[in-house]
Amino acid sequence: GDSTLLNKEPIWKRTLKSLVLKRIYASVDTAFYVGTNNSAYFKKYGLKDHQLIFAPHAIDNTRFSQNTAAIALRNSLGVQPEDTLILFAGKMTRNKNPMLLLKAFKNIANPHSHLLFVGDGELSLKLQKQAKGNPNIHVWPFQNQKMIPMFYQACDLFCLPSKSESWGLAINEAMACGKAVVVSAQCGAAADLVNKHTGRTFKSDDLNDLEQQLSYYLSNPLLLKKAGSYARRTIADWSFEVQVKNIIQRLHHA
């Protein structure tokens, strides 16, 4: 599992959950945790350090890092070589919070930046209406997994402004493509993958904080590129290979 303690819940719910989960986990010999926040969750409900084995949340890093038609995509959007392209890829839902990113981008109003949304969902039409007329904001429909690496490769900066995210594999995908990330602190992956070298975090649903973090990179293109390179190196250790190795090692010692 990849559950976390990031979301605040009513006392009655926390109490009931604690009673039930502690009873369930009392029968568990080993739990494979995907990251720091997930480890804290397991410990909260009774598991000890010796029962926890790291199995990093991972994607196919190699597939996402391969060269794609990124330059052609940037050209089709009218993005100049010196411009910064910010990407949001995911479901257009209230929880994913794409409207916050749209507001932040409009408020910053940097003429040398573009914002690309890729996905479908309940907020798609609203997003399209509010983006209409702005040549630097682009809204694309859902893309299958075969095509999605191209969008990560084309961007300079990836943003995930979710109000709640147990992990956020899109962060892995962007970093595998060598991109810096700006993500909500409510994303489970933030504790492990996002730091001053790979990107920035902001307080969930805080428009001003998001604007500050985006502006930091929009005004520092060299730091943005450096962060992307560091992100690629960082995510190399969050792989299927490490995940499988750690699981097999635990099974051999069971």
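Every residue gets a number counted from 1 within its own chain, in the order that chain's sequence is written. Thresholds applied to this predicted model are a pLDDT of at least 70 for local features of residues and 80 or more for the giving and counting of side-chain atom pairs; totals over whole chains, interfaces and linings are not thresholded and use all residues. Only hydrogens and water are removed before side-chain values are computed, so all heavy atoms of the structure are retained for them.

A. Molecular detail of helix H2 (residues 36-44). Of the positions making up H2, those classed as buried are Asn-37, Asn-38, Ser-39, Tyr-41 and Phe-42. Packed against the buried residues of H2 are helix H1 (11-25), strand E1 (31-33), strand E2 (52-54) and helix H9 (190-193). A run of DSSP states H or I qualifies as a helix once it reaches four residues; a run of E qualifies as a strand once it reaches two. Both are numbered from the N-terminal end. A positive backbone phi angle near 110° is found at Gly-46, which sits one or two residues after H2. Here the term buried applies to any residue with accessible area under 20% of the maximum for its type, exposed to any over 50%, and partly exposed to those in between, with areas from a 1.4 Å probe on protein chains only. The contact definition used throughout considers only heavy atoms, calling two residues in contact when any of these lie within 4.5 Å.

B. Looking closely at the sheet that holds strand E3 (residues 84-89). By definition, two strands form a pair when at least two bridges between them are found by DSSP. The six strands are arranged E5-E4-E3-E6-E7-E8 in an open sheet whose pairing can be described as parallel. At either end of the open sheet lies a strand with only one pairing partner, and these are strand E5 (137-140) and strand E8 (199-202). Each strand of the sheet is rotated relative to its neighbour by a mean of 20°, with strand direction disregarded. Bridge count between E3 and strand E4 (residues 113-118): six bridges; the pairing is parallel. The residue of E4 that forms the bridge with Leu-87 is Leu-116. Against the sheet, helix H4 (residues 70-77) contacts E3, E4 and E5, and its axis sits at roughly 120° relative to E5. Orientation is described by axes fitted as lines to C-alpha atoms, over the contacting stretch for helices, and by angles from 0 to 180 degrees between their N-to-C directions. Packing against the sheet, helix H5 (residues 98-108) makes contact with E3, E4, E5, strand E6 (157-160) and E8, and its axis sits at approximately 165° to E4.

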